[in-house]
Amino acid sequence: MLTIIGCGNLNRCDDAVGVIIAQRLQQYLIQNPHPNVRIFDCGTAGMEVMFQARGSEQLIIIDASSTGSEPGAVFEVPGSELEQLPEPSYNLHDFRWDHALAAGRRIFQEDFPQDVRVYLIEAKSLEFGWELSSPVEQAAEKVFQMVLKTITSTEVAPSTAGVDPSRVPPATASPNP
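Bear in mind that the values here come from a model prediction, so they are computed numbers and not experimental data. (Residues numbered from 1 in each chain as written. Predicted model: local features only at pLDDT ≥ 70, side-chain atom pairs only at ≥ 80, totals over all residues. Heavy atoms only, no water.)

Colleague: Please set out unusual backbone geometry residue by residue, giving values where relevant.
Modeller: Of note, the phi angle at cysteine 13 is positive, near 40°, even though the residue is not glycine. Residue position: cysteine 13 is located in the loop between strand 1 (2–7) and helix 1 (17–31). Residue classification places cysteine 13 among the buried positions, given a relative accessible area of 11%. Here glutamine 109, not a glycine, exhibits a phi torsion of approximately 45°, which is positive. In this fold, glutamine 109 is placed in the loop between helix 3 (97–108) and strand 5 (115–122). (Helix = DSSP H or I, 4+ residues; strand = E, 2+ residues; numbered from the N terminus. Buried < 20%, exposed > 50% of the residue type's maximum accessible area, 1.4 Å probe, protein only.)

Colleague: Now, about the packing of helix 1 against helix 4 (residues 134–153): what can you tell me, with residues and values included?
Modeller: Between helix 1 and helix 4, the least distance of the axes is 10 Å, while the angle of their chain directions is 40°. Classed by the angle they form, the pair helix 1 and helix 4 counts as oblique. For the pair helix 1 and helix 4, the sense of crossing is right-handed. Within the contact between the two elements, helix 1 uses Val17, Ile21, Arg24, Leu25, Tyr28 and Leu29 and helix 4 uses Val136, Ala140, Glu141, Val143, Phe144, Val147, Leu148, Ile151 and Thr152. The residue makeup of the contact of helix 1 with helix 4, split by class, is 12 nonpolar, one polar and two charged. (Axes fitted to C-alpha atoms, helices over the stretch in contact; angles between N-to-C directions. Parallel < 35°, antiparallel > 145°, perpendicular 65-115°, else oblique. Left-handed = near helix turned anticlockwise from the far one by under 90°. Contact = heavy atoms within 4.5 Å. Nonpolar A, V, L, I, M, F, W, Y, C, P; charged D, E, K, R; others polar.)

Pasting the structure below:
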């Protein structure tokens, strides 16, 4: 089972990129089912990441980053390099996806994916707003295509032959109805 999780905040411009890509991939799966692929929009809920990843063989997390690099830069990082246990706290708002990787591995052991990849897209703006910046929108398309390639290389359902990925909506943020 391949699990793909998009993280971020739709109300914070480029921070939404992981969620937007996950939503596009969900639309792709509606049109082109793959029985061994699950896609989740986990927003900013680190605990949700831990539980959705459980039972998967392979995990992909997509999120924005803020490292001071060029906006739109894409980083593909093994999950093992990013996972870290959280500081002791009673506040679950501080439990992020990097904590979920470490805690999930410790709690679920063999029932937690060993193959974890993280795609980070450098944000230009994390201010309040619903639009992706141009460099992040371009990077979102690149990451979408990379993940789509991973999806199509997993066990392909017969209905996916001849799929045209251009039928999938573009990466744009819009307010929730």
